[in-house]
Amino acid sequence: MNGISSGFGAWNPIAWTLLFLGILVVALVVRSFGRKDYKRGSGQTRAFLSGNEEPADRSALHVRGDHLYWGMIDGLSAYYRRVKAMHTGVFNDYVAAFVGVLALIFVLLVWVG
Amino acid sequence: MALPRSFKRALWVFHIATGSCNGCDIEIVAALTPRYDVERFGIMLTGTPRHADVLLITGPVTKPMLPRLKRIYEQTPDPKAVVVVGGCGSTGGVFYDSYNVVGPIDEVIPVDVYVPGCPSRPEAIIDGVVKAVTKLETLEKSGVN
């Protein structure tokens, strides 16, 4: 089987199809080990959420990336409050902040240098 | 009623505290420590009722826990055994007339075994789980659904 050499590895559609078929067979074999005597349409087919009801809007269950470091955000809440307040969404404010920081660095460089 | 093969090999237990003071919960944890080591019998705690054979419940049923207990019971695959640990789950205990308590566990879901004690000793908890399994095996042999 001759693949297309891209310089970043080989792309061979037949090899990839065979790989996916192999994975599919393994997945089906693992699935066949599961019990089939469960009650369809009962609570046994619904997700376990620590006993809580599954909300109609499943996106409400979405775990965002910042949930992983909520402790840091909570610990630095005083800082985050100020920084968030500075984020007005107005482009002019960001440019003003940029110019301000640039001016500060310039002054520091002149002062130290 | 036929018990699945996995039921006979190892018992997976899901622990629910429906309003306990945590005394019984600590005793359940003690049953897992090297002193009692229930895992040598294949009894182990699982993190989801979807994988459980036995529900181990402590405490009286408080109002916020009522729908959750019913939901967890529904989500546990059949056949399942329900073991209530401690006096509060069995009778309501000292919380029997509390404004926030619905009642003992058997007022909400069917219970197979009651383990007395305040808190129950780890030996009694292990005995209760074994009794629940024995009950299911007896039902299986007698052909009761």
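Use the structure listed above.
These remarks concern the structure in this document. (Residues numbered from 1 in each chain as written. Chains lettered and ligands numbered in written order. Predicted model: local features only at pLDDT ≥ 70, side-chain atom pairs only at ≥ 80, totals over all residues.)

Here we look at the interface of chain A and chain B
- Each side of the interface is counted separately: chain A has 10 residues, and chain B has 10 residues.
- Along the lines of polarity and charge, the residues of the side of chain A that touches chain B split into two nonpolar, five polar and three charged. (Contact = placed C-beta atoms within 7 Å. Nonpolar A, V, L, I, M, F, W, Y, C, P; charged D, E, K, R; others polar.)

Topic: the sheet that holds strand 3 (residues 54-58) of chain B
Residue and element names in this part refer to chain B.
- The five strands are arranged 2-1-3-5-7 in an open sheet whose pairing can be described as parallel. The two strands at the open ends of the sheet, each matched to only one other strand, are strand 2 (44-45) and strand 7 (113-115).
- By the bridge criterion, three bridges tie strand 5 (residues 81-85) to strand 7 in an arrangement that is parallel. Looking across to strand 7, one finds that Val-84 is bridged to Tyr-114. (Pairing = 2+ DSSP bridges. Helix = DSSP H or I, 4+ residues; strand = E, 2+ residues; numbered from the N terminus.)

A short note on the pairing of strand 1 (residues 12-17) of chain B
Residues and elements named next belong to chain B.
- Both strand 1 and strand 2 contribute to a ladder of two bridges, which runs parallel. Bridging from a neighbouring strand, Val-13 pairs with Leu-45 of strand 2.
- For the crossover from strand 1 across helix 2 (residues 23-32) to strand 2, the handedness is right-handed. (Right-handed = clockwise from strand over helix to strand, strands pointing away.)

Things to note about unusual backbone geometry
- Cis rather than trans, the peptide bond between Asp78(B) and Pro79(B) has omega equal to -5°.
- Among the secondary structure elements, Pro79(B) is positioned in the loop between helix 3 (66-75) and strand 5.
- Residue Pro119(B) is bonded to the preceding Cys118(B) through a cis peptide linkage, with omega at -5°.
- Topologically, Pro119(B) is positioned in the loop between strand 7 and helix 5 (122-142).
- Phi at Ser50(A) is positive, roughly 55°, even though this residue is not glycine.
- For Ser50(A), the location among the structural elements is in the loop between helix 1 (13-32) and helix 2 (70-75).
- Notably, Asn22(B) is not glycine yet its phi reads approximately 85°, a positive angle.
- Relative to the elements of secondary structure, Asn22(B) occurs in the loop between strand 1 and helix 2.

Comments concerning the nonpolar core
Residue and element names in this part refer to chain B.
- Judged by nonpolar contacts, the single largest core of 35 residues is most densely connected at Val-54, Leu-55, Leu-56, Val-83, Val-85 and Val-129.
- The set of elements that each furnish at least two residues to this core consists of strand 1, helix 2, strand 3, helix 3, strand 5, strand 7 and helix 5.
- With five residues, strand 5 is the single largest residue contributor to this core.
- Beyond its immediate stretch of four places on either side in the chain, Leu-55 contacts Phe-14, Ile-16, Pro-49, Tyr-73, Thr-76, Lys-80, Val-82 and Val-83. (Core = buried A, V, L, I, M, F, W, Y, C linked by C-beta atoms within 7 Å. Buried ≥ 20, exposed ≤ 12 C-beta atoms within 10 Å, placed from the backbone.)

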